[in-house]
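# Fold and geometry: a report
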Amino acid sequence: MNYVSALKPSERMKIPRQLSIEQDPGERSRNFLEVSMGLDKERASIEANRCLECKNPVCVEGCPVGIDIRGFIQLAMKGDFVGAVNKIREANYLPAICGRVCPQESQCEEVCTLGKKHSPVAIGKLERFVADYEMQNNLFQSPAIAEQRDQKVAIVGSGPGGLTCAAELAKLGYKVTIFEALHAVGGVLRYGIPEFRLPRTILDLETDRIKKLGVEIYTNFVVGRTATIDELFNEWGFISIYLGTGAGTPTFMGIPGESLSGVYSANEYLTRVNLMRAYDFPHYDTPIKIGRQVAVIGGGNTAMDAVRTSRRLGAEHAYLIYRRSRQEMPAREEEIHHAEEEGVEFMLLTNPVRILSDDNNWVRGIECQRMELGEPDESGRRRPIAIKGSEFVIPVQTVVEAVGQKPNPIIQSTTPGLETSKRGTVVVNEEQRTSREGIYAGGDLSRGGATVILAMRDGKQAAAAIHKYLLTKSGQASLVKDMEEVSVPS
Amino acid sequence: MYTILEKQDLAPTLGKFVIEAPFIARKRKAGNFVIIRVLETGERIPLTIVDGDPEKGTITLIVQGIGKTTKLLLTKKAGDSLVDVVGPLGNPTPIEYHGAVACVGGGVGTAELYPIARALKQAGNKLYSIVGARSKDLIILENEMSAISDNIFVTTDDGSYGRKGFVTDQLKDLLESAAGISTVYAIGPLPMMKAVSNLTRSYGTKTYVSLNAIMVDGTGMCGGCRVTVDGQMKFACVDGPEFDGHKVDFDELIMRNRTYVDLERISDAALHHESIDLHTGMMYELR
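First, a word on scope: everything that follows refers to the structure included in this document. (Residues numbered from 1 in each chain as written. Chains lettered and ligands numbered in written order. Predicted model: local features only at pLDDT ≥ 70, side-chain atom pairs only at ≥ 80, totals over all residues. Heavy atoms only, no water.)

## Description of the overall build of chain A
When helices and strands are counted, chain A shows 20 helices and 19 strands. Compactness check: chain A gives a C-alpha radius of gyration of 23 Å against a globular reference of 23 Å for 490 residues, within 12% of the reference. C-alpha extents for chain A along the principal axes are approximately 70 × 65 × 50 Å. Within the structure as shown, chain A displays about 19,000 Å² of accessible surface, and the carbon and sulfur contribution to it stands at 49%. Computed over 59 positive and 63 negative side-chain charges, the inter-centroid distance for chain A is 2 Å. (Helix = DSSP H or I, 4+ residues; strand = E, 2+ residues; numbered from the N terminus. Rg over C-alpha atoms; globule rule 2.2 N^0.38 Å. Areas by Shrake-Rupley, 256 points an atom, 1.4 Å probe, with all protein chains shown as cover. Lys, Arg positive; Asp, Glu negative; His and termini not counted. Charge placed at Lys NZ, Arg CZ, Asp CG, Glu CD.)

Here's what the structure looks like:
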């Protein structure tokens, strides 16, 4: 292997990690514009040159979809940003999205060799830069599509997994149709992730590119209701189906007061704001109503999105209530950091016990108890234990519960023979195959609550498995052997 | 786009729409609803499917102008279209033979009740219908209900038509009579369904109500439509919309449905280009 960078490794190690340009926290906590503006061309070029071009690029193993990270960074070093984004696109059709929402710090950047003694290469920021560069300069070119095949594949759900599966199959020449229950495409990327992390223009552009691969999309189509899985097979003529319906059903804590006005699931709260644009009421018709004090319960990325959204909706005090300590929070460090910068008040080791009502059946406060950490539980995190007599009330008029989601049961309950777990997830094997022939599933539907990138990994894995299945089914089993191994680490 | 093929004014604030929605028309059953949006900046609202024609690929909706979206919808004509119609949502009404049933409709609820009443009649039930409204001009589908009913009673609050009084007055007489009503289906405003459920509870008569809660997606995703039934949290969109009226916490739902009243007023004012103060209502002030 030839090194691309002219710098010696010792020189590269001296370059500090380049930082993104970000909106001022005081400013951005009052608007819905994107927080990070990413790297500029100069910083991106410097950052690319920090890469040590390892002989054994462990970063690639850290990537759930197996992007040739070293390869794309080397192209970026040469200034070939379009070559770089196309290199990424070989493994991941949604680079502008992943560059924004992927938890790189616990994936590729966590294992980066440079990171052992210095800060890791800002792989995510570079991914985003090359995707944005291509977009801003209008340099996108559709990839080659294999010869059209007659077989029809249905994708249920247009979230990250469904979009990825659709793109991969369309590139292989299949006739792909996506069915989406909502009126807009994107799944959790649309209703869940706020615009200040993923602008709608980016999402629209990435989904348009999938349509340009020849993928047909039906919105307003609830599979299980508008047509069942068996009808898609028998009446619509689909030969294989990928289920990527996510984990869209909110769970509630089950504490008293959850029916009061002013209590939201994070799903409802974020859907009103992100999908329905309630922040722009009354120009948009969907209302949202919050108090001057808002409490968001939970410690994951959804909780961070909800609490940061609360600040932007005008909450004077936006509290994040979490029963363990900051260390155990499942949210990305970057999101926690951004929330802190934006004035979110963290109430850690605090557990809500009931929501209190005013005379109008509205929330007037949330009663909590203090917690301390005991021995580690089955998740490996220290178990929170209530401190007796520590109850206290936080005055709030809005409570948002971000305490987890589970899969929507509509498809499982209308598809005979589809095996599900006790948690309501669809059971799959390592190829994402379900208990029903021809049906594959992945993402949160089979994992129960994970990340955008893992959904994409599953979608990609399923596309490869579906391709193999359809080749075998159409008597081209010999071609299966020639199929290049799909590079998705499990 | 979902084209409006027919539009008929039933009353000054009531309209009937036949809408092209072929997939929904094939699958819909009595008790199902759709979620619609009228325009790109619009909200998603649930409406019960009143009728459908799988051959023509159409569904029928009856709409009362209450808020901005329904009022805007009433201004639409044949040839116009809705941006979104999704469904059929919710569980269909289980249609069984009970013997003699009473179907009680209040206001626009009669439109939602009609397909259920018709299915119950087709299942061999003896059908007693009670159709009520505030006044004569708000009585709808009387002829249609009459055609499928063994007996029909009309009540108006102001006495402008039929019996003066509430549907519960008529229902009480019916339950007292020799009609042998074993099951009651009541659809209308929440206070009406609450009153019906309270009445039938004392007679031990099984009562089904259809709950119109605040919804966003209608597929179990937002949890906005949560209602307390028999002490349990249920989602009206996927667990309902029909529930045992004797087990529903109506007071809680009535309160919850008031969450956005002031914002709905702002939205409505905007429809009429009235000036509005944006900051009124966006923040809930503790009193």
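Further notes follow.
## Notes on the overall build of chain B
Secondary structure summary: chain B contains nine helices and 18 strands in total. For 287 residues, the compact-globule formula gives about 19 Å, and the C-alpha radius of gyration of chain B, at 19 Å, lands near that figure. Dimensions of chain B, computed from the C-alpha atoms along their principal axes, are close to 55 × 55 × 40 Å. Looking at the 287 residues of chain B, the share that counts as buried comes to 58%. Summarising the internal contacts of chain B: among those between residues at least 6 apart in sequence, 64% fall at separations of at least 24. Per element, the accessible surface of chain B, about 11,800 Å² overall, is 49% carbon and sulfur. Between the mean site of the 31 positive side-chain charges and the mean site of the 35 negative ones, chain B shows a separation of 2 Å. (Buried < 20%, exposed > 50% of the residue type's maximum accessible area, 1.4 Å probe, protein only. Contact = heavy atoms within 4.5 Å.)

## A look at the interface of chain B and chain A
Contact residues are listed per partner, giving 54 residues for chain B and 57 residues for chain A. Buried surface at the junction of chain B and chain A, summed over both partners, amounts to about 4,800 Å²; 56% is from carbon and sulfur atoms. Here Lys27 of chain B and Glu231 of chain A are joined by a salt bridge, their closest N and O atoms 2.9 Å apart. For the pair chain B and chain A, the interface holds 20 residue pairs in polar contact (both at pLDDT 80 or more). Those elements that provide at least two residues to the side of chain B that touches chain A are helix 1 (22-27), helix 2 (68-74), strand 8 (84-89), strand 15 (226-229), strand 16 (232-235), helix 8 (250-256), helix 9 (261-271) and strand 18 (283-284) of chain B. When residues in the side of chain B that touches chain A are grouped by element, the largest group, six residues, is from strand 8 of chain B. (Buried area = accessible area lost by both parts, 1.4 Å probe. Salt bridge = Lys/Arg side-chain N within 4 Å of Asp/Glu carboxyl O. Polar contact = N/O pair within 3.5 Å; in protein donor to acceptor, adjacent residues only side chain to side chain.)

## Brief notes about the pairing of strand 13 (residues 181-187) of chain B
All names here are of chain B. With respect to burial, strand 13 is a largely interior element, six of its seven residues being buried. Looking at chain direction, strand 9 (residues 100-106) and strand 13 are connected through six bridges and run parallel. Counterpart to Ala102 in the pairing with strand 13 is Val184. Relative to strand 14 (residues 206-210), strand 13 is paired through four bridges, and the arrangement is parallel. Within strand 14, the position partnered with Ala186 by the bridge is Val209. Handedness of the crossover is the feature at issue here: the chain leaves strand 13, passes through helix 6 (residues 190-203), returns alongside strand 14, and the resulting connection is right-handed. (Pairing = 2+ DSSP bridges. Right-handed = clockwise from strand over helix to strand, strands pointing away.)

## Observations regarding unusual backbone geometry
Following Phe281 of chain A, the chain continues into Pro282 of chain A via a peptide bond in cis, with omega recorded as 0 degrees. Despite not being glycine, Asn220 of chain A shows a phi value in the positive range, around 55 degrees. Take Asn220 of chain A: it is sitting in the loop between strand 5 (216-218) and helix 13 (229-234). The class of Asn220 of chain A is buried, set by a relative accessible area of 5%. Phi is positive for Asp230 of chain B, close to 55 degrees, though the residue is something other than glycine.

## Considerations on the sheet that holds strand 6 (residues 58-64) of chain B
All names here are of chain B. The strand order 5-6-2-1-7 describes an open sheet built from five strands, whose pairing is antiparallel. With one partner strand each, in any of the chains shown, strand 5 (51-53) and strand 7 (81-82) form the two edges of the open sheet. Pairing between strand 1 (residues 2-11) and strand 2 (residues 14-20): six bridges, direction antiparallel. Residue Ala11 lies in a different strand from strand 2, and its bridge partner there is Leu14.

## Things to note about the state of the cysteines
Residue and element names in this part refer to chain A. A full pass over the atoms with the stated rule returns zero disulfides over all chains. Cys54 forms no disulfide, and the closest cysteine sulfur to it belongs to Cys51, at a distance of 6.3 Å. Looking at the unpaired Cys63, the closest cysteine sulfur is the one in Cys108, lying at 6.4 Å. (Disulfide = S-S within 2.5 Å.)

## Quick look at the nonpolar core
Ile69, Phe72, Ile73, Ile155 and Leu169 of chain A are the most contacted members of the largest nonpolar core, which has 71 residues in total. It is helix 19 (residues 452-473) of chain A that provides the largest number of residues to this core, a total of ten residues. Apart from the residues within four sequence positions on either side, Ile69 of chain A is in contact with Cys59, Val60, Cys63, Cys108 and Ile123 of chain A. Formed by 41 residues, the second largest nonpolar core is a distinct cluster that contains Ala102, Val184, Met215 and Phe243 of chain B. (Core = buried A, V, L, I, M, F, W, Y, C linked by side-chain atoms within 4.5 Å.)

## Digging into the sheet that holds strand 9 of chain B
Residues and elements named next belong to chain B. One open sheet accounts for seven strands, arranged 12-11-10-9-13-14-17; its pairing is mixed. Of all the strands in the sheet, just strand 12 (163-164) and strand 17 (242-244) have a single pairing partner and so form its edges. With two bridges connecting them, strand 11 (residues 151-156) and strand 12 associate as parallel partners. Following the sheet pairing, Thr155 is matched in strand 12 by Arg163. Across the face of the sheet, helix 5 (residues 167-176) comes into contact with strand 9, strand 10 (126-133), strand 11, strand 12 and strand 13 while running at roughly 155 degrees to strand 10. Sheet strands touched by helix 6: strand 9, strand 13 and strand 14. Its angle to strand 13, the strand with the most contacts, is close to 165 degrees. (Axes fitted to C-alpha atoms, helices over the stretch in contact; angles between N-to-C directions.)

## Here's the deal with helix 6 of chain B
In an α-helix, one turn spans 3.6 residues, which is why side chains three or four residues apart end up on the same side. All names here are of chain B. In this model, helix 6 (14 residues) spans 20 Å end to end at C-alpha, consistent with the 20 Å of a helix rising 1.5 Å per residue. For helix 6, the complete set of buried residues consists of Leu190, Met192, Met193, Val196, Ser197, Leu199 and Thr200. Where helix 6 is buried, its residues touch strand 9, helix 5, strand 13, strand 14 and helix 8. (Expected span 1.5 Å × (residues − 1).)

## Let's talk about the pattern of salt bridges
A complete count under the given rule lists 55 salt bridges over all chains for this structure. Between Arg308 of chain A and Glu342 of chain A there is a salt bridge, with its nearest N and O atoms 3.0 Å apart. Pair noted here: Arg308 of chain A is in helix 15 (residues 301-313) and Glu342 of chain A is in the loop between helix 16 (333-341) and strand 12 (345-347), with a separation of 34 residues, a long-range link. In this pair, the class of Arg308 of chain A matches that of Glu342 of chain A, namely buried. Residue Lys194 of chain B pairs with Asp251 of chain B through a salt bridge whose shortest N-O separation is 2.7 Å. Of this pair, Lys194 of chain B sits in helix 6 while Asp251 of chain B sits in helix 8, and the two are 57 residues apart along the sequence. With a relative accessible area of 26%, Lys194 of chain B lands in the partly exposed category. According to the relative accessible area criterion, Asp251 of chain B is partly exposed, its value standing at 44%. Several salt bridges share partner residues, and in doing so they unite Arg28, Glu105, Lys125, Arg197, Asp305, Arg308, Arg312, Arg332, Glu334, Glu335, Glu341 and Glu342 of chain A into one network.

So, to be careful, I would describe these as geometric facts and stop short of saying anything about function.
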